[in-house]
Amino acid sequence: MIRSEAVRANLSAVRERIAAACAAAGRDAGEITLIAVTKTFPASDVRLLADLGVTDVAENRDQEAAPKAADCADLPLTWHFVGRLQTNKARSVVSYADVVHSVDRPRLVTALSTEAVRAGRTLRCLVQVSLEAGAEGRGGLTPAEAPGLADAVATAEGLELGGVMAVAPLGADPGPPFARLAEIAREVRKAHPAAKIISAGMSGDLEQAIACGATHVRVGTALLGGRQAIVR
Ligand SMILES: *Cc1c(COP(=O)(O)O)cnc(C)c1O
């Protein structure tokens, strides 16, 4: 099958899953933003997705994302950055990203704020929460730290607090962690009512995320296929 037909079929299957999950949860599918995670795939795939009506794409490594975003600068896309972000990459990421999902420490807030002000733009930021029991998980700060970092984002020049993001722990039922994320999101919204984004759910668990109130799902494999392992 040619690539565009495969991606078209995958996209309609993912849209059907989202619609079914919304129906089951009594939600409107229009409340969900599908973000296509294009990491490891070429700019030509980003172009295909845009042709098929995808409006939002995500990348997790600046070295890969910067040239891809430049290649696709003519497309009307919203670019999301979802990976661990070093402060020395803040300037580059601010040059193409519209939303950073992985804000997890005060130093990064400062760096992103400085670069957004320098670039004369407003960057939407999500606070990434770790839903792991232990300290070292798949990135993010502890639930207790989230409201404080949300306050820091909300008051930083050049930044706008969009909400919260998390990745479910590997190999466990994602229901309870996603429910926990929804609680944290509620807590953050008490102080910041406009911070409505809950970024949760990937190829394997988007239904559970939507059941728990996710507004943005980040889907890679189910749209574009399996990824080759990247040697870093
Ligand atoms: C790669 C990635 C995804 C997409 O994962 P799939 O399982 O391929 O859908 C979502 N979120 C983040 C943060 C990622 O790094």
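Residues numbered from 1 in each chain as written. Predicted model: local features only at pLDDT ≥ 70, side-chain atom pairs only at ≥ 80, totals over all residues. Heavy atoms only, no water.

1. Observations regarding the nonpolar core
- Ranked by size, the top nonpolar core spans 69 residues in total, and within it Ile-18, Val-100, Leu-112 and Leu-159 carry the most contacts.
- For this core, the element with the highest residue contribution is helix α1 (residues 3–25), accounting for six residues.
- With residues up to four places along the chain from it excluded, the contact list for Val-100 reads Phe-81, Leu-85, Val-93, Leu-112, Leu-123, Arg-124, Cys-125 and Leu-126.
- In this structure, Val-37, Ala-58, Val-82 and Ile-197 belong to the second largest nonpolar core, which totals nine residues. (Core = buried A, V, L, I, M, F, W, Y, C linked by side-chain atoms within 4.5 Å. Buried < 20%, exposed > 50% of the residue type's maximum accessible area, 1.4 Å probe, protein only. Helix = DSSP H or I, 4+ residues; strand = E, 2+ residues; numbered from the N terminus. Contact = heavy atoms within 4.5 Å.)

2. Some points on the site of the ligand
- Contacts to the ligand come from Val-37, Lys-39, Val-82, Met-165, Met-202, Ser-203, Arg-218, Val-219, Gly-220, Thr-221 and Arg-227.
- Alone, the ligand offers 390 Å² of accessible surface; in the complex the protein occludes 87% of this.
- Looking at the shell around the ligand residue by residue, the class counts come to five nonpolar, three polar and three charged. (Near = heavy atom within 4 Å. Areas by Shrake-Rupley, 256 points an atom, 1.4 Å probe, with all protein chains shown as cover. Nonpolar A, V, L, I, M, F, W, Y, C, P; charged D, E, K, R; others polar.)

3. Points about unusual backbone geometry
- Of note in the backbone geometry, Thr-40 takes a positive phi value of approximately 75° without being a glycine.
- Structurally, Thr-40 can be placed in the loop between β1 (33–37) and α2 (43–51).

4. Some words on the pattern of salt bridges
- Per the stated rule, a full pass over the model turns up 15 salt bridges.
- Taking the shortest distance from any N to any O, the salt bridge between Arg-8 and Glu-5 comes out at 3.6 Å. With Arg-8 and Glu-5 both in helix α1 and three residues apart, the pair spans about one turn of that helix.
- When its relative accessible area of 34% is taken as the criterion, Glu-5 is described as partly exposed.
- In this structure, Glu-187 and Lys-190 form a salt bridge, with 3.6 Å as the shortest nitrogen-oxygen distance. With Glu-187 and Lys-190 both in helix α7 (residues 175–191) and three residues apart, the pair spans about one turn of that helix.
- Take Lys-190: its relative accessible area is 68%, and that puts it in the exposed class.
- Taken together, the shared-partner salt bridges connect Glu-59, Arg-61, Glu-64 and Lys-68 into one network. (Salt bridge = Lys/Arg side-chain N within 4 Å of Asp/Glu carboxyl O.)

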